[in-house]
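# Chains, contacts and geometry: an overview
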Amino acid sequence: MQSETQKQFDEAARDILRRNDRGGYTVPTAGLYPFQWNWDSCLVALGWATFDPDRAWLEIETLFKGQWANGMVPHIVFHQPDDGYFPGPDVWQAGEAIPSSGITQPPIAASCVRMLLDLDPSGLERARGLLPKLLAWHRWFHTERDPDATGLVTTLHPWETGMDNSPAWDEALAEFEVSPDLEPYARRDTSHVDSAERPSDRDYDRYMTLVETFRAHGYGPAAVQHSPFKVADVGTNAILLRADRDLLALAERLGAPTQELRDWIARSEAAFELFLEPQSGLLHSIDQLRGGRLAAATHAGFLAFWANAASDGLEQAFEGWLNDADFIVPSMRVHDRKFDRKRYWRGPVWAITNFLMARGLEDHGASELAERVRNDSRKLIVRSGFYEYFDPLSGQGLGGAEFSWTAAMWLYWAGAD
Ligand code: DGY
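Here's what I pulled together on the structure shown here. Just so we're clear, the structure is a prediction, and the values are computed from it rather than from any experiment. Within every chain, residues take consecutive numbers counted from 1 along the sequence as written. Where local features are concerned, this predicted model is filtered to residues with pLDDT of at least 70; where side-chain atom pairs are given and counted, the filter is 80 or more; whole-chain, interface and lining totals use all residues. Neither water nor hydrogens contribute to the side-chain values; these are computed over all heavy atoms in the structure.

### Here we look at the site of the ligand
Quick note on the threshold: Distances are taken per atom, and a residue is near a molecule or strand as soon as one of its heavy atoms is within 4 Å of it. Contacts described as polar in this section are N or O atom pairs within 3.5 Å, which, within protein, must combine one atom able to donate a hydrogen with one able to accept it, while residues neighboring in sequence count only if both atoms come from side chains. Here the Shrake-Rupley method, with its probe set to 1.4 Å, supplies the accessible areas, and only the displayed protein chains count as covering residues. Each residue gets one label: Ala, Val, Leu, Ile, Met, Phe, Trp, Tyr, Cys and Pro are nonpolar, Asp, Glu, Lys and Arg are charged, and the others, such as Gly, are polar.
Close contacts around the ligand come from Tyr33, Trp37, His75, Tyr85, Trp159, Asp164, Arg198, Tyr204 and Tyr344, and that covers them all. In this structure, His75 approaches the ligand through a side-chain N or O atom, which is 2.8 Å from an oxygen atom. In the environment of the ligand, an oxygen atom lies 2.7 Å from a nitrogen or oxygen atom belonging to the side chain of Arg198. Alone, the ligand offers 230 Å² of accessible surface; in the complex the protein occludes 96% of this. Residues of the shell around the ligand, tallied by class, amount to six nonpolar, one polar and two charged.

### Notes on helix α6 (residues 124–144)
To be explicit about the condition: We count a stretch as a helix when DSSP gives it H or I for four or more residues in a row; a strand needs E for two or more, and each element gets its number in order from the N terminus. Working rule for helices: expected span equals 1.5 Å times residues minus one. Think of it this way: the bend at a residue is just the angle between two axes, each fitted to seven residues, one set ending at that residue and the other starting at it. Residues count as neighbours in contact if any of their non-hydrogen atoms are within 4.5 Å of one another.
When the terminal C-alpha atoms of α6 are compared, their 30 Å separation across 21 residues agrees well with the 30 Å that a helix rising 1.5 Å per residue should span. Along α6, the sharpest kink reaches roughly 35 degrees, centred on Leu130 and followed within four residues by the proline Pro132. Buried residues along α6 sit in contact with α2 (38–49), α3 (53–64), α5 (109–119), α11 (220–226), α12 (234–253) and α13 (259–271).

### Details of the pattern of salt bridges
Quick note on the threshold: A pairing counts as a salt bridge when a side-chain nitrogen of Lys or Arg comes within 4 Å of a carboxyl oxygen of Asp or Glu. Working definition: with a 1.4 Å probe on protein chains only, accessible area under 20% of the residue-type maximum means buried, over 50% means exposed, and in between means partly exposed.
Counted by the stated rule, this structure contains 32 salt bridges. Of the charged contacts in the structure, one is a salt bridge between Arg242 and Asp246, with a shortest N-O distance of 3.8 Å. You can see Arg242 and its partner Asp246 sitting in helix α12, four residues apart, about one turn around the helix. The pair Arg242 / Asp246 is uniform in exposure class, with both members buried. A salt bridge links Arg341 to Asp391, with the nearest nitrogen and oxygen atoms 2.7 Å apart. In this pair, Arg341 is assigned in the loop between α14 (314–321) and α15 (351–363) and Asp391 in the loop between β9 (389–390) and β10 (397–398), connecting sequence segments 50 residues apart. Given a relative accessible area of 34%, Arg341 falls into the partly exposed group. Classification of Asp391 as buried rests on a relative accessible area of 0%. Among the charged side chains, a salt-bridge network with shared partners connects Glu11, Arg14, Asp15 and Arg18.

### Concerning α14
Residues that lie three or four places apart on an α-helix share one face, since the helix turns once every 3.6 residues. The following threshold applies: Taking the helix axis as origin, the arc is that swept by the directions to the C-beta atoms.
Listed as buried for α14 are Leu314, Ala317, Phe318, Gly320 and Trp321. End-on, the buried residues of α14 take up no more than an arc of 160 degrees, which puts them together on one face. In the core, the buried residues of α14 are packed alongside β7 (282–283), α15 and α16 (367–384).

### Observations concerning unusual backbone geometry
Omega for the peptide link from Phe86 to Pro87 comes to 0 degrees, which places this bond in the cis form. Of note, Pro87 is situated in the loop between β2 (76–77) and α4 (89–92). In the Ramachandran plot, Tyr219 falls in the positive-phi region, its phi being about 55 degrees despite a non-glycine side chain. Position of Tyr219 among the secondary structure elements: in the loop between α10 (201–216) and α11. A positive phi angle, near 75 degrees, is found at Asp324, a position not held by glycine. Note on placement: Asp324 falls in the loop between α14 and α15.

### Some remarks on the side chain of Asn38
Structurally, Asn38 is set in helix α2. At 3.2 Å, the side chain of Asn38 and the backbone oxygen of Pro74 are in polar contact. Not counting chain neighbours up to four residues away, the residues in contact with Asn38 comprise Leu63, Val73, Pro74, His75, Thr104, Gln105, Pro106 and Trp137.

### Quick notes on the packing of α6 against α13
We count it as follows: Axes here refer to lines fitted to C-alpha atoms; in helices the fit is confined to the stretch in contact. Angles between the N-to-C directions go from 0 to 180 degrees. Our angle categories are set so that under 35 degrees counts as roughly parallel, over 145 as roughly antiparallel, 65 to 115 as roughly perpendicular, and the remainder as oblique. For a crossing to be left-handed, the near helix must be turned anticlockwise from the far one by less than a right angle; the clockwise case is right-handed.
The N-to-C vectors of α6 and α13 enclose an angle of 40 degrees; their axes lie 12 Å apart at closest approach. What the angle tells us is that α6 and α13 run oblique. Remark: the crossing between α6 and α13 carries left-handed chirality. Here α6 contributes Leu135, His138, Arg139 and His142 to the contact with α13, which in turn contributes Glu260, Leu261, Trp264, Arg267 and Ser268.

### What about the packing of aromatic side chains?
To keep things clear, this is the line we draw: Only the six-membered ring of Trp is used, alongside the rings of Phe and Tyr, when aromatic pairs are assigned; centres must lie within 6.5 Å, and planes under 30 degrees apart are stacked while those over 60 apart are edge-to-face, with the rest tilted. Throughout this description, the term charge over a ring refers to an Arg CZ or Lys NZ atom that lies within 6 Å of the ring centre and within 35 degrees of the ring normal.
According to the stated counting rule, one finds 37 aromatic pairs in the structure shown. Ring geometry for Trp137 and Phe141: centres 6.0 Å apart, planes at 40 degrees, overall tilted. Here the residue Trp137 and the residue Phe141 both occupy positions in helix α6, the gap between them amounting to four residues, near one helical turn. Taking the centre distance of 6.1 Å and the plane angle of 65 degrees together, the rings of Trp159 and Tyr204 count as edge-to-face. A residue pair is termed long-range when its members are at least 10 positions apart, and Trp159 in helix α7 (residues 158–161) and Tyr204 in helix α10 qualify at 45 residues. In this structure Trp159 comes out as buried when scored by relative accessible area, which is 4%. The structure contains a cluster of three or more aromatic residues connected by ring pairs, namely Tyr33, Phe35, Trp37, Trp39, Phe78, Tyr85, Tyr344, Trp345, Trp350, Tyr389, Phe403 and Trp405. Lying over the aromatic face of Trp48, Arg55 brings its terminal NZ or CZ to 4.5 Å of the ring centre. Over the aromatic face of Tyr344 sits the side chain of Arg198, whose NZ or CZ is 4.5 Å from the ring centroid.

### Some points on the environment of Val382
Within the element layout of this structure, Val382 appears in helix α16. Overall, Val382 belongs to the partly exposed group, its relative accessible area being 34%.

Now the structure itself:
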C-alpha cells in the first residue's frame, strides 16, 4: 500500500477513536450505540494501544466499573443518559454502581489485556489491577452459566453472543412465543440505519420478550432457570476458552494461583468437540433446552481457530466457506438460503471476527490463509471506509459509519505494517 494512503487511513482511524471517546470509554459509533459496549470496548482498546497505551488501559478499567458483585460484566454500561438508544436503562432496570443491561457479552477482555501487555509491558500494574476482576467474570461464566460443570457455558439472549440476528438463532427463537404482555416499544436503531441492514421486527419482539422475562426474575440464576432461550454458542465458548488460556498466562506471570483456570480449560477443551457436525466438518451451536446442535452453521464456528480448538478438516471447510464471496469472511455461506448480503449477522463481513479468525490461523501456521483474510479486511476499509460491516459481494459499507472497532482493527491489525 502507498505509504500516503496508509498515513491517511491511520490518521482517520485515530480521529474516529478520539471523536467517539466520551471520557474513559469509547462509544461503538455516535448515534446508533451511545454507551459503552463490552466486547466493542475491549477490541477498541487494541486500537488505542497503538498510539495511546494509557487510554487503552483506561478503556478496559472503565468497563469493569460496571461489573456486578457476582462477577458478571454487563453487555452495555450506561455511564450517562442518552435517549437515542432502545432499550435503555429504564427498560433494563439493572446494574449496581452504574446502570447497565442485565446480560453479558463474549468475554474477550482477558485476551485483549494480554495483547495490550505485549504492546505496552509498562502496563503490568494495570494488568495486576484487572486480574481479580477478570477472574471473577470468568468464574461467573463457569458457575452461573455452567452449573453442572459440563465445559460449555450457556447464553440466554442473542445479544449475549454479540451476533444478534445470526441465522444460528432462528430455530431457538422460533420455539417460544412473543409475550402477550410485551410492553409497546419503539425501535431506535432503524432511525439511524437502513432497516434492511438491521434485525427484523419479528426478532426484536423476541429479544424484548427475553429482556422482560429476565427483568421479571431479577436476572441471576432465576433468569437462567426461566429463560426460553438457552444456547451454547460456539463463538462465546471459543472466545472464553482462549481468554481462559490468556488469563492463565497472566496469572502465571503475576504469581497468582492457577489451578481453577487449568480446570476450566481442561473441561472446555474436552467439551468443544460437541459442536462438530461430523458430516459437514462445520461447528454448530447447541440448543441446551431441546438438546442437539442447531441447524444453521455460521462463521462463528471458525472462531475455533482463535481458540486453538479446530478439528482436522476445519481449514478445508473454511476454504469452502469462502467460495463465491468476493470479500471474505462472509458471516453466512453465500449460497445458503439464509444468506442475506446486507442484514447485520446474516451474511456481511466483520473486521473484528476476521481478525480473530486470522490471528488464530496465523498462530497455528496457516499464514497464507490468514493473510488472505487480512488483505480483504484492508481492501474493504480502503474502498468503503470504517463501516460496522460490509457486503461480501460488492464490498459496500453497511450499518453504522465511523465505527470504533473497525478503526481499531485497522490500527492494530488490518492496516498495520
Ligand atoms: C443492538 O442494540 O443492536 C446491540 O447489538 C445489542 O447489544
